[in-house]
Amino acid sequence: MSTLDVIQLVDHVPGADAKLTAREQVVAAGGPAANAAVAFAHLGGAATLLTAIGSHPLGVAVAADLDRLGVTVSDLAAGSVEPPAVSSVLVTPSSGDRAVASTNATGYRLAPPADLDALVAACAIVEFDGHHMELAVAAARAAGVAGRRTLLDGGSWKAGTEKLLASIDVAVCSDDFHPPGTNNPTDALRFLREHGVGWAAVSRGGRPLVWAGPDSGGTVDVPAVRVADTLGAGDVLHGALAHHLAAAQDDLTPEAFVNALRDAASVASRACASFGTRAWMRGE
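Residues numbered from 1 in each chain as written. Predicted model: local features only at pLDDT ≥ 70, side-chain atom pairs only at ≥ 80, totals over all residues. Heavy atoms only, no water.

**A short note on the nonpolar core**
One broad trend across soluble globular proteins is that nonpolar side chains are buried collectively.
Right, so step 1: Grouped together as the largest cluster of nonpolar side chains are 45 residues, with contacts concentrated most on Leu66, Val170, Val172, Trp211, Leu241, Phe257 and Leu261.
Right, so step 2: Secondary-structure elements contributing two or more residues to this core are helix 1 (32-42), strand 3 (47-51), helix 2 (57-68), strand 9 (170-174), strand 10 (199-204), strand 11 (207-212), helix 7 (233-247) and helix 8 (254-272).
Right, so step 3: With 9 residues, helix 8 is the single largest residue contributor to this core.
Right, so step 4: In this view, valine 172 contacts Leu151, Leu152, Asp153, Gly154, Ala201, Leu237, His238, Leu241 and Leu261; residues no more than four positions away in its chain are not counted. (Core = buried A, V, L, I, M, F, W, Y, C linked by side-chain atoms within 4.5 Å. Buried < 20%, exposed > 50% of the residue type's maximum accessible area, 1.4 Å probe, protein only. Helix = DSSP H or I, 4+ residues; strand = E, 2+ residues; numbered from the N terminus. Contact = heavy atoms within 4.5 Å.)

**Remarks on the state of the cysteines**
Right, so step 1: The full count for this structure, using the stated rule, is 0 disulfides.
Right, so step 2: Free of any disulfide, cysteine 173 has its nearest cysteine sulfur in cysteine 272, 18 Å distant.
Right, so step 3: Residue cysteine 173 is classed as buried on the basis of its relative accessible area of 1%.
Right, so step 4: What makes cysteine 272 buried here is its relative accessible area of 11%. (Disulfide = S-S within 2.5 Å.)

**Here we look at the sheet that holds strand 2 (residues 24-30)**
Right, so step 1: Here we have 4 strands laid out as an open sheet, ordered 2-1-5-6, and mixed in their pairing. With partners counted over all chains shown, the strands left at the sheet margins are strand 2 and strand 6 (98-101), one partner each. Looking at each pair of strands side by side, their axes are set apart by 20° on average, direction ignored.
Right, so step 2: Where strand 1 (residues 3-9) meets strand 5 (residues 85-91), 7 bridges bridge the pair, whose relative direction is parallel. Bridging from a neighbouring strand, glutamine 8 pairs with leucine 90 of strand 5. (Pairing = 2+ DSSP bridges. Axes fitted to C-alpha atoms, helices over the stretch in contact; angles between N-to-C directions.)

**Description of the pairing of strand 9**
Right, so step 1: Of all 5 residues in strand 9, 4 are buried, a share of seventy percent or more.
Right, so step 2: Two strands pair when backbone bridges link them, and strand 9 and strand 10 are joined in this way by 5 bridges, in the parallel orientation. Pairing of alanine 171 across the sheet is with alanine 200, part of strand 10.
Right, so step 3: Handedness of the β-α-β unit built from strand 9, helix 6 (residues 185-194) and strand 10 comes out right-handed. (Right-handed = clockwise from strand over helix to strand, strands pointing away.)

As structure tokens, then:
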């Protein structure tokens, strides 16, 4: 999914009929996979984003931002003149918490492109954010045929996720990811294992990640930072994890998985220490 993020730093979320002046503003391309691709490129990888943006002026701005940050975009809605999804985000500095309103990926139904197999085969790892499900399932199956590792960003349970899981090697999900019949990270990890996912973890903000592999499991501590903004932290986590896993294509071991999670959590924590989704890359 690709969006245009309009992020405002505010002292508090306004009530009904209220107005307030934001301290700062950031306007940038957004969306879980898009932000992950930006992080992947920033860390030195070559990232290709398969998505829907379109030719509306706001879409042109999204594409330009991604291009500036080194992400190659394959736009499956290039002929559309409709505006992209706009995520309106309010961030409060006292806690770093954010409130988000967006139409997400509901405006497009993306069919797999004719060159999907070639696009997938050209990559070392394929990451999914669970949006544009028809396209995601086709890409995940193509990755399996090509022998490419797959990584799921499970932000929340979505219709069709169970079809995608059959082709997922690694899943790192948020604490808000609740498959049917699950209520906690232990349940979620068991569900993923039962549906064929070999390696999985649940991120829980500043608390340790909980992980499980084929024969073992445990926790990974998250570095303590002074949190300024949690927006996009999970996206950065997945981009950094994808970069680590792409560089090590050998079969995963518990030690390798833990090291990858630890490194990715370190990058994501750094991103939480600054406002917006881009300042962390400038060291601000």
